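Here is what each chain is made of, one letter per residue.
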Amino acid sequence: MNINEPAQSLIAAGQLFHQRGWVPATGGNFSARLDGERILITASGCHKGELAASDFLVADFDGKPIDSPRKASYETLLHCQLYRHDPAIGAVLHTHSIANTVLSRRLDRIRLAGYELLKLLPGIGTHDTQVDVPVFANDQDIARLSATVDAHMKRDPQTPAYVIAGHGLYAWGADVAQARWRVEALEFMFACELHA
Ligand SMILES: CSC[C@@H](O)[C@@H](O)C(=O)COP(=O)(O)O
Ligand SMILES: [Zn+2]
């Protein structure tokens, strides 16, 4: 796949998320699947509202950069876990919003019920339902954290997204556009919960 197309979509997502206040400082990271063995992912330490094509690198599903001197996102293994878990996942987006940070410090799962925007989440066709977004304890050992996420997702393959406590949201989709809609829907519902 030409890496320019997913890179441009991820750059646009970063600009939107930064305008919304969801990727402050160097927080957040973004990726897209290139094929069955490789992903395009943001380099570590970039400002996600000001990404350029040179801020991306290609990595394998173990998170190892391919032909790049740049360091991949510190959280690359969390992206790799999702691509390995489900071949239908084509993009992964991670945000650090006020709403996801505050809610995840208070709750061990974020229950979303009765929202029209729930229909943006996988397999949901009505507002008249409830979804639990799991919250995992934060951990600077990303290999250990990705193993925790993987065990949860094997137990509950319907997991629509997850939040790391005091840290941020991980959401995904078949492509960058769908992952972005889901982030927008989830951040909207989280903001509603915060104001409720
Ligand atoms: C420096 S604070 C944010 C990081 O620790 C991390 O949570 C994050 O989202 C961005 O890390 P990055 O390595 O730039 O992808
Ligand atoms: Zn983060």
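Residues numbered from 1 in each chain as written. Chains lettered and ligands numbered in written order. Predicted model: local features only at pLDDT ≥ 70, side-chain atom pairs only at ≥ 80, totals over all residues.

1. Remarks on the site of ligand 1
The following threshold applies: Put plainly, near means the residue's C-beta atom, positioned from the backbone, lies within 6 Å of the molecule or strand in question. When residues are grouped by polarity, Ala, Val, Leu, Ile, Met, Phe, Trp, Tyr, Cys and Pro land in nonpolar, Asp, Glu, Lys and Arg in charged, and all others, Gly among them, in polar.
All residues adjacent to ligand 1 are T26, G27, G28, N29, T42, S44, G45, S73, Y74, E75 and H94. Looking at the shell around ligand 1 residue by residue, the classes come out as one nonpolar, nine polar and one charged.

2. Digging into the packing of helix 3 (residues 98-106) against helix 5 (residues 176-195)
In plain terms, the rule: Axis angles are defined between N-to-C directions and span 0 to 180 degrees, where every axis is a line fitted to C-alpha atoms and, for a helix, only to the segment in contact. Labels follow the DSSP assignment, with helices taken as runs of H or I lasting at least four residues and strands as runs of E lasting at least two, numbered in each case from the N terminus. In what follows, roughly perpendicular refers to angles from 65 to 115 degrees, roughly parallel to angles under 35, roughly antiparallel to angles over 145, and oblique to any angle outside these ranges. Here a crossing is called left-handed whenever its near helix is offset anticlockwise from the far helix by less than a right angle, and right-handed whenever the offset is clockwise. Throughout, a residue-residue contact means that the two C-beta atoms, derived from backbone geometry, are no farther apart than 7 Å.
Helix 5 packs onto helix 3 with a crossing angle of 55 degrees between their chain directions and a minimal axis gap of 8 Å. When the axes of helix 3 and helix 5 are compared, the pair comes out oblique. Here the hand of the crossing between helix 3 and helix 5 comes out left-handed. Counted together, A99, N100, V102 and L103 of helix 3 and E187, F190, A191, E193 and L194 of helix 5 form the full contact between these two elements. Of the residues assigned to the contact of helix 3 with helix 5, the class counts are six nonpolar, one polar and two charged.

3. Things to note about the UniProt feature "binding site: Zn(2+)" (unreviewed entry) in the chain
The condition that has to hold: UniProt positions are given in the numbering used here, feature names are shortened, and annotations may be inferred rather than shown by experiment. Field definition: a residue is buried when 20 or more other C-beta atoms are found within 10 Å of its C-beta, exposed when 12 or fewer are, and partly exposed for counts in between, with C-beta atoms placed from the backbone.
Taking the numbering used here, the UniProt-annotated feature "binding site: Zn(2+)" (unreviewed entry) corresponds to H94 and H96. The exposure class of H94 is buried, given the 26 C-beta atoms found within 10 Å. Other than its neighbours up to four places away in sequence, H94 contacts G28, N29, E75, G168, L169 and Y170. Secondary-structure assignment places H96 in the loop between strand 4 (91-95) and helix 3. What H96 contacts, discounting residues up to four positions off in sequence, is W22, V23, P24, G27, G28, T101, H167 and G168.

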